Amino acid sequence: MLLSSLTPSFQWIDTPDALDAACEQVADASVIALDTEFFRENTFFPVPALIQFTAGEQAYLIDPVAVSCTDTFRALLQNSAIKLLHACSEDLEVFQHWAGVLPVPLMDTQVAQGFLSDVPGIGYQKLVEFWVGEMLPKEETRSNWLVRPLSPAQCHYAALDVIYLLKVWTLQAEKLATLGRLEWVENECQTLIEQAGRSVENDQHWYTRHRQLWRLTPRQMEAYRLMTVWREGETRRRNLPRNWLISDKLLFAIAEKMPSNRFELAEVEGIKPTLIKKEGDALLAMVKQAQHCDEAALPERWPDPMHPAFKSRFKALKKVVAAKASELGVAPEMLMRRRELETLVMQDLAEEPLTWPNGWRGEYLNADLAQALEECTS
């Protein structure tokens, strides 16, 4: 692979007037590439350090330290042009926090690649190598983007990021159209926007990320759920990293012990006196709430993944997804994620209505998934 020899053209933007003028330059574009650089070591929300965009060979580098988002840029983020990003989840947080809006309609080149190969989560530099045959410089990846002024090398790196994004997407979009999969990417990216736009609602489901939930009773699970909802809200309100307040590991340990007072809370491994002093009453109140919760309102017990009935069903469904993914030449997780497979198994074991995949995924999968479950129970 050849090291990129492109010397990018870019404009530094640190005033509202310059930002609005740059927006006018790309106002008629059909695709706008976006990227962000940010700092996130001691805060819940990402601290924007640089925002890049382009519609061609000229890149615009916004200094969010010096200039606030303008109404013109907000309108640009939400006009009819495709907004192109790579691995966009944290970038969406930056835009939501700095601009107050999300970039729509969205296309994510990492998502697109997931529907074009069996390698999910490919990094941007490897993506550029694959499609364009050139290597982007790596030296500035971990540099300090909040320092001012940025070095010429940092500016070149930031500009190349969005300029090459357009080049990659042009080739990806052609291949996706040939395969009839553009709509797949559109639907997946719309889901990313919907999820990013309801972060507070997502707090209610944070607890389901834990891989050991099957070890908890319904009351313990409710305590863990209440504490994770509280932790997410507090870290957002205080703008602190999650683990600076309390980690998932500690919350899970508290749920297992279900302490009724500060002495019992202190016996939980890893709990420090300062945490008990500052947050002990709140944690104990949530444990008490779970203890007194009506049984009908408690979460369903998570099945043991080692139980034969669970294992056989999960293995059968996973086999179906793997086979279909192989036929399509995509990664299995682009069809169904592990959590979705586990949910189907849990519903089947509980004899509840099954949450089948919808849209094109349902067309490819549902008949075979239903047959696999039927064979497990016959």
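One can find the structure itself at the top, above this paragraph.
Residues numbered from 1 in each chain as written. Predicted model: local features only at pLDDT ≥ 70, side-chain atom pairs only at ≥ 80, totals over all residues. Heavy atoms only, no water.

This part covers the pairing of strand β4 (residues 47-54). In terms of burial, β4 is a largely internal element, seven of the eight residues being buried. Of the pairings in the sheet, the one linking strand β3 (residues 31-39) to β4 comprises seven bridges and is antiparallel in character. Each residue of the ladder has a partner; that of L34, found in β4, is F53. As defined by bridge partners, β4 adjoins strand β5 (residues 58-62) across four bridges and the pair is classed as antiparallel. When the bridges of β5 are listed, F53 appears paired with Y60. (Buried < 20%, exposed > 50% of the residue type's maximum accessible area, 1.4 Å probe, protein only. Helix = DSSP H or I, 4+ residues; strand = E, 2+ residues; numbered from the N terminus. Pairing = 2+ DSSP bridges.)

The next subject is the sheet that holds strand β7 (residues 106-108). Overall, mixed pairing links the six strands, which are arranged β2-β5-β4-β3-β6-β7 in an open sheet. Single-partner strands in this sheet number two, and they are β2 (9-13) and β7. When the angles between neighbouring strand axes are averaged without regard to direction, this sheet yields 25°. Pairing analysis gives three bridges linking strand β6 (residues 82-85) to β7, with the strands arranged parallel. Each residue of the ladder has a partner; that of K83, found in β7, is L106. Along the sheet, helix α6 (residues 152-179) contacts β2, β3, β4, β5, β6 and β7; its crossing angle with β3, the most-contacted strand, is approximately 145°. (Axes fitted to C-alpha atoms, helices over the stretch in contact; angles between N-to-C directions. Contact = heavy atoms within 4.5 Å.)

Right, let's talk about the pattern of salt bridges for a bit. Evaluation of the coordinates by the stated rule reveals 22 salt bridges. Here R337 makes a salt bridge to E188, at a shortest N to O gap of 3.0 Å. Of the two residues, R337 sits in the loop between α14 (308-328) and α15 (338-349) while E188 sits in helix α7 (residues 182-196), which places them 149 residues apart along the sequence. The buried category is assigned to E188, whose relative accessible area is 9%. Between R338 and E342 there is a salt bridge, with its nearest N and O atoms 3.2 Å apart. (Salt bridge = Lys/Arg side-chain N within 4 Å of Asp/Glu carboxyl O.)

With that settled, the discussion passes to unusual backbone geometry. With an omega of -10°, the peptide bond between V104 and P105 qualifies as cis. With respect to the secondary-structure elements, P105 resides in the loop between α3 (89-98) and β7. The amide bond that connects R148 to the next residue, P149, takes the cis arrangement and shows omega of 0°. Tracing the chain through its elements places P149 in the loop between β8 (134-135) and α6. The residue N239 is not glycine, and still its phi comes out positive at about 55°. Mapped onto the elements, N239 comes out in the loop between α9 (218-238) and α10 (242-245).

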